[in-house]
Amino acid sequence: MATKITKAVIPAAGLGTRFLPATKAMPKEMLPVVDKPAIQYVVEEAVAAGLTDVLMITGRNKNALENHFDRMTELESTLQRKGDTDRLHKVEFSNDLADMHYVRQGDPRGLGHAILRAKMHVGREPFAVLLGDDLIDERDVLLSRMLEEQSGRNATVIALMEVDPALSHMYGIATVEPTDDDDVVRITGLVEKPAQGTALSNLAIIGRYVLRPEIFDILERTDPGKGGEIQLTDALQEMAENDIAGGVYGVVFRGRRYDTGDRLDYIKAIVQLAVEREDLGPDLRPWLKQFSAQLD
Ligand code: G1P
């Protein structure tokens with residue numbers, strides 16, 4: 001019988017250099033997307049899919065991350081005294097969202113290296129990995145579909161999305177063959193960030209993975225790849241190519257994904273999400289129309 005997956009690993013040790021100076025003293029995962037730090041969307045997504053044990057792989061400046069998922073006694077009692085229950089609820093919401101754990105990455109030697117830091121905590125069970133730069137709209141299903149496929153096939157499952165071929169050099173790119181399921185493919189090959197014009201498909205890895213523990217054994221012997229870093233994609237490629245531990249499958253996501261990885265995409269994500277919010281959308285939408293008309 002397949003083990004029920006309860007653990008999520010969230011790498012949050014990046015230096016966030018694209019957002020300097022905002023990220024000088026604060027991790028990029030704490031940047032607000034509308035009024036919530038990016039990392040909270042990701043933890044909420046994991047919890048919504050039933051993953052209540054969250055391990056964050058942190059780096060420098062981890063205090064803000066730990067504090068965000070802990071009590072803020074002074075602030076809470078001030079809001080309580082004022083009778084501001086709305087805001088109190090917002091503050092308290094992230095306190096008990098999940099069972100939070102933290103481990104430091106030490107040297108930032110790549111995503112594969114970060115995942116390897118989860119080995120002790122995860123043990124020999126399958127687990128999910130969620131990357132903070134990719135936000136998946138809560139109205140669209142992805143992670144629970146991947147968990148379902150993982151348990152059905154007892155294999156490794158990664159999330160894929162069709163991207164503009166001009167952007168394929170920014171992603172891990174998969175070559176695939178169909179399965180009987182419309183939204184599931186079998187991965188035959190993976191290349192981390194292929195040079196422009198060399199990608200063999202437009203199916204890109206987006207930051208959600210459901211991994212089997214054998215990934216740790218492979219990562220331990222994976223040499224540095226693209227950018228001199230230990231790449232998760234390279235370990236997955238070895239798994240797919242040699243059909244290790246059931247091989248690798250992809251769930252093709254066709255829903256709404258927001259990229260917060262660089263400044264332009266981050267601004268777009270905020271606008272997209274704010275436009276759809278009940279409290280902000282009705283005022284923002286007409287303003288945006290007027291504003292964009294001025295740009296013509
Ligand atoms: C990472 C992965 C890449 C994947 C991407 C998705 O790259 O290495 O394979 O396509 O996340 O966001 P990063 O964007 O962290 O450089």
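Enquirer: Would you explain the nonpolar core in this entry?
Expert: The tendency in soluble globular proteins is for nonpolar side chains to be buried as a group. The biggest cluster of nonpolar side chains holds 45 residues, and the ones touching the most others in it are Val43, Met56 and Leu143. Filtering out sequence-adjacent residues up to four positions away, Met56 remains in contact with Ile10, Ala12, Ile39, Val43, Leu65, Phe69, Met100, His101, Tyr102 and Val103. Residues Ala118, Val122, Ile158 and Ala240 belong to the second largest nonpolar core, which totals 34 residues.

Enquirer: Could you clarify how one ought to interpret the pattern of salt bridges in this entry?
Expert: Side-chain pairs of opposite charge can arise whenever the charged atoms involved come near each other. Across all of its chains, the model carries 27 salt bridges by this definition. Here Glu45 and Arg208 are joined by a salt bridge, their closest N and O atoms 2.8 Å apart. Pair noted here: Glu45 is in helix α1 (residues 38-48) and Arg208 is in strand β11 (residues 203-211), with a separation of 163 residues, a long-range link. One exposure class covers both Glu45 and Arg208, and it is buried. The partner of Glu276 in a salt bridge is Arg139, and the shortest N-O contact between them spans 2.3 Å. With Glu276 in the loop between α10 (263-275) and α11 (281-295) and Arg139 in the loop between β7 (134-136) and α7 (143-153), this pair connects stretches of sequence that are 137 residues apart.

Enquirer: Help me out: how do you make sense of the packing of α10 against α11 in this one?
Expert: The relative placement of two packed helices is expressed as an angle between their axes plus a distance between the axes. Interaxial distance between α10 and α11 falls to 8 Å at its minimum, and their mutual angle equals 120°. Relative to α11, α10 is oriented oblique. Of the residues in α11, those in contact with Val271, Ala274 and Val275 of α10 are Gly281, Leu284, Arg285 and Leu288. In the contact of α10 with α11, the residues fall into 5 nonpolar, 1 polar and 1 charged.

Enquirer: Teacher, can you tell me more about helix α9 (residues 232-241) here?
Expert: Helical geometry: 3.6 residues make up each α-helical turn, so side chains three or four residues apart lie on a common side. Among the residues of α9, Leu232, Thr233, Ala235, Leu236, Met239 and Ala240 are the ones counted as buried. Taken around the axis of α9, the buried residues stretch over an arc of 160°, which confines them to a single face. Two residues or fewer after α9 comes Asp243, characterised by a positive phi angle close to 55°.

Enquirer: Just to check I follow, could you spell out the site of the ligand for this structure?
Expert: The environment of the ligand is formed by Leu131, Asp134, Tyr171, Gly172, Glu192, Lys193, Ile205, Gly207, Tyr209, Gln231 and Thr233. Between Gly172 and the ligand, the recorded distance is 2.9 Å, taken from a backbone N or O atom to an oxygen atom. A distance of 2.7 Å separates an oxygen atom of the ligand from a polar backbone atom of Ile205. Here the ligand, which alone exposes 380 Å², has 79% of that area covered by the protein. Per element, the largest residue contribution to the shell around the ligand is 3 residues, and it comes from β11. Split by residue class, the shell around the ligand holds 4 nonpolar, 4 polar and 3 charged.

Enquirer: How do you make sense of unusual backbone geometry when you look at a structure like this?
Expert: In terms of backbone geometry, most residues other than glycine have negative phi values and most peptide bonds are trans. Of the consecutive residues Leu20 and Pro21, the connecting peptide bond is found in the cis state with omega at 10°. Tracing the backbone through its elements, the reader meets Pro21 in the loop between β1 (7-12) and β2 (32-33). Look at Lys193: it is not a glycine, yet its phi comes out positive at around 40°. Relative to the elements of secondary structure, Lys193 occurs in the loop between β10 (184-192) and β11. The backbone phi angle of Asp243 is positive, close to 55°, even though this residue is not glycine. Topologically, Asp243 is positioned in the loop between α9 and β12 (248-252).

Cut-off values and rules
Residues numbered from 1 in each chain as written. Predicted model: local features only at pLDDT ≥ 70, side-chain atom pairs only at ≥ 80, totals over all residues. Heavy atoms only, no water. Core = buried A, V, L, I, M, F, W, Y, C linked by side-chain atoms within 4.5 Å. Buried < 20%, exposed > 50% of the residue type's maximum accessible area, 1.4 Å probe, protein only. Contact = heavy atoms within 4.5 Å. Salt bridge = Lys/Arg side-chain N within 4 Å of Asp/Glu carboxyl O. Helix = DSSP H or I, 4+ residues; strand = E, 2+ residues; numbered from the N terminus. Axes fitted to C-alpha atoms, helices over the stretch in contact; angles between N-to-C directions. Parallel < 35°, antiparallel > 145°, perpendicular 65-115°, else oblique. Nonpolar A, V, L, I, M, F, W, Y, C, P; charged D, E, K, R; others polar. Arc of directions from axis to C-beta. Near = heavy atom within 4 Å. Polar contact = N/O pair within 3.5 Å; in protein donor to acceptor, adjacent residues only side chain to side chain. Areas by Shrake-Rupley, 256 points an atom, 1.4 Å probe, with all protein chains shown as cover.

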